[in-house]
Amino acid sequence: MSVPEPASNRSPPPGTPIDPDEAKDIKLFQPFHQKSCTIHNHIGVSPMCMYSCVNGHLNDYHVLHYGSFAFKGAGLIIIEATGVVPEGRITPHCSGLWNDDQIKDLKHVVDVIKSQGTTAGIQIAHAGRKASISPPHKGDYIEYETDGGWPNNVVGASNIPFADHYCKPHALTRDEIKQTVQAFADAAVRANKAGIELLEVHGAHGYLIGNFLSGHSNNRTDEYGGSFENRIRFALEVVSAVRSVWPAEKPLWVRISCTDYANPDPMGLDPNGWDIQQSIQLAKEFKKIGVDLIDCSSGGNLEKVKYPSVPMYQVQFADAIRHHAQIQTAAVGLITEGGAAENILRKEQADFILAGREFLRDSAFVLISAQSLDVNIRWPHQYSWAVKKARRRNTEREELTTIP
């Protein structure tokens, strides 16, 4: 069922300046244009697993979850990692898009997102060797068949498990690689049918594509392992197949981990594993085959490594790839304040901002960011009367305090 017009906020959407001229110098609240998409500001919601699906189907929970971000001004929402095959999910309760029956429920969520003027994206994924695991809120253990898991059907680039308490994967055969590449392409077609406007391929965090990229998780001796050119082959095949079926006018993004952190220096070299220099070279190859933006994350492929714990620790990756690969990038990772996001854009360290956990802490992160940057922002019209009254009270207080 579509959202009726009185309930929509399409034009103008929340999260846009009331007076564009007044906010013309604030990059965070300028439109972001890319191909057919005009995202009404430069801040979006990162894909975050919610572990709330049944047989891969989105439901009313996701309407509430994603609707709350759209309703409060997010320019873009990238729907959570969505398995291209059943065994490509992280948990039995992750999202899926491996059959046409799942299109209808996805479209319902997409329609709600769009009704508030927000651009709807989705991340398609395969969990690889990190599949058939419990949702984090339940613990960290293998999900067996009795609970909907598939521990004997977990796959990877090689038969190296992520950790001792994870499933041991079997290395994909050449035929299985071809089938998986096709599954990504098929999921992209379904995403388009559901009305998705921007597509992201998940190549980060130690999932299947990342398994192939890193020598720490890929010890193959065929054309998919060994050299850098061989280790990136699967990623390029997946993205090429997706690009061939994804409409040319719609943006295609790829999320990658820019380092495994085997080298404690985030910008240091790890030539036999995965590092920022290899990420830059991969980004150049992605650009050649039609990728529009690199979503720059890191880690997730090795169990016992230390991660930086400082705000914006991943921005340096977006900066390096943007300048050395000459492709647009999104910055992610502990971006918790509007001022910090604005500075990233001003310094041209990235072209777009994605936030995750900060949206979970407060779905009004966009509106709060505007307030911190002194931007008079548009709220959903259903709430605007309350905001106007609050401004009026504040003005009255200021007048009272300035009486001589």
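Use the structure listed above.
Since this is a predicted model, take the numbers as computed values, not measurements.

Chemist: For the side chain of Asn 9, give the residues involved together with the corresponding values.
Modeler: Looking at where Asn 9 falls in the secondary structure, it is placed in the segment before strand E1 (32–34). At 2.9 Å, the side chain of Asn 9 and the backbone nitrogen of His 381 are in polar contact. Sequence-distant contacts of Asn 9, that is, excluding residues within four places in its chain, are made with Pro 14, Phe 71, Ser 115, Gln 116, Gly 117, Pro 380, His 381 and Gln 382.

Chemist: I'd love a proper account of helix H6 (residues 233–245), names of residues and values included.
Modeler: Residues spaced three or four apart along an α-helix face the same direction, because each turn holds 3.6 residues. Taking 1.5 Å as the rise per residue, H6 with 13 residues should run 18 Å; its terminal C-alpha atoms sit 19 Å apart, in good agreement. Regarding H6, the residues found buried are Phe 234, Ala 235, Leu 236, Val 238, Val 239, Ala 241, Val 242 and Arg 243.

Chemist: Explain the layout of surface pockets to me, using residue names and the numbers behind them.
Modeler: Empty space among the atoms becomes apparent when a probe as large as a water molecule is rolled across them. Of the volumes computed, that of the largest pocket is approximately 1,200 Å³. It is helix H10 (residues 357–361) that provides the largest number of residues to the lining of the largest pocket, a total of four residues. For the lining of the largest pocket, a count of residues per class yields 21 nonpolar, 15 polar and seven charged.

Chemist: Tell me what's going on with the packing of helix H3 (residues 174–193) against H6, and back it up with residues and numbers.
Modeler: In contact at an axis separation of 8 Å, H3 and H6 are set at 35° when each is read in the N-to-C sense. For the pair H3 and H6, the crossing hand works out as right-handed. Together, Ile 177, Thr 180, Val 181, Phe 184, Ala 185, Ala 188 and Val 189 of H3 and Phe 234, Glu 237, Val 238, Ala 241, Val 242 and Val 245 of H6 make up the contact between the two elements. Tallied by class, residues from the contact of H3 with H6 come to eleven nonpolar, one polar and one charged.

Chemist: Summarise unusual backbone geometry; cite the residues concerned and give the values.
Modeler: Ser 11 connects to Pro 12 through a cis peptide bond whose omega is -5°. With respect to the helices and strands, the residue Pro 12 is situated in the segment before E1. Notably, His 205 is not glycine yet its phi reads approximately 60°, a positive angle. Assignment of secondary structure puts His 205 in the loop between strand E9 (198–203) and helix H4 (208–213). Residue Asp 374 is not a glycine yet carries a positive backbone phi of 60°. With respect to the secondary-structure elements, Asp 374 resides in the loop between helix H11 (365–372) and helix H12 (384–401).

Chemist: Go over empty space enclosed by the protein with me, naming the residues and quoting the values.
Modeler: What the rule picks out here adds up to three cavities of 30 Å³ or more. In terms of lining residues, the largest cavity is bounded by 13 residues, among which Gly 203, Gly 210, Ser 257, Asp 260 and Trp 274 are the most central. Among the elements of the structure, H4 and strand E10 (252–257) are those that each provide at least two residues to the lining of the largest cavity. For the lining of the largest cavity, the class distribution of residues is four nonpolar, eight polar and one charged. Its volume calculated, the second largest cavity comes out at about 60 Å³. Along its surface, the second largest cavity is lined by 13 residues, and Ala 81, Gly 88, Arg 89, Ile 90 and Ala 125 are the ones closest to its centre. With three residues, strand E4 (residues 76–83) is the single largest residue contributor to the lining of the second largest cavity.

Chemist: Lay out the nonpolar core in plain terms, naming residues and giving numbers.
Modeler: With 100 residues, the main nonpolar core has Ile 79, Val 201, Val 242, Phe 286 and Ile 321 as its most contacted residues. Looking at this core, the element that brings in the most residues is H3, giving eight residues. The residues touching Phe 286, leaving out its near neighbours within four places in the chain, are Ala 235, Leu 236, Val 239, Val 254, Ile 256, Val 291 and Ile 294. One finds Ala 81, Cys 94, Ile 142 and Ala 163 within the second-largest nonpolar core, a separate group that totals 17 residues.

Chemist: Give a detailed account of the pattern of salt bridges, specifying residues and quantitative values.
Modeler: Under the defined criterion, the tally for this structure stands at 13 salt bridges. Glu 143 is the partner of Lys 138 in a salt bridge, and the nearest nitrogen-oxygen pair spans 3.3 Å. In this structure Lys 138 comes out as partly exposed when scored by relative accessible area, which is 41%. Residue Glu 143 is classed as buried on the basis of its relative accessible area of 1%. The shortest N-O distance in the salt bridge between Arg 361 and Glu 358 comes to 2.9 Å. Of the two residues, Arg 361 and Glu 358 are both situated in helix H10; the distance of three residues between them amounts to about one turn of the helix. For Arg 361, a relative accessible area of 54% translates into the label exposed.

Cut-offs applied
- Residues numbered from 1 in each chain as written.
- Predicted model: local features only at pLDDT ≥ 70, side-chain atom pairs only at ≥ 80, totals over all residues.
- Heavy atoms only, no water.
- Helix = DSSP H or I, 4+ residues; strand = E, 2+ residues; numbered from the N terminus.
- Polar contact = N/O pair within 3.5 Å; in protein donor to acceptor, adjacent residues only side chain to side chain.
- Contact = heavy atoms within 4.5 Å.
- Expected span 1.5 Å × (residues − 1).
- Buried < 20%, exposed > 50% of the residue type's maximum accessible area, 1.4 Å probe, protein only.
- 1 Å grid on protein atoms, 1.4 Å probe; cavity = no way out; pocket = protein on both sides within 12 Å on 5 of 7 lines; lining within 4 Å.
- Points joined across faces, edges and corners; volume = space filled by probe spheres on them.
- Nonpolar A, V, L, I, M, F, W, Y, C, P; charged D, E, K, R; others polar.
- Axes fitted to C-alpha atoms, helices over the stretch in contact; angles between N-to-C directions.
- Left-handed = near helix turned anticlockwise from the far one by under 90°.
- Core = buried A, V, L, I, M, F, W, Y, C linked by side-chain atoms within 4.5 Å.
- Salt bridge = Lys/Arg side-chain N within 4 Å of Asp/Glu carboxyl O.

This is a description of form; function is not addressed.
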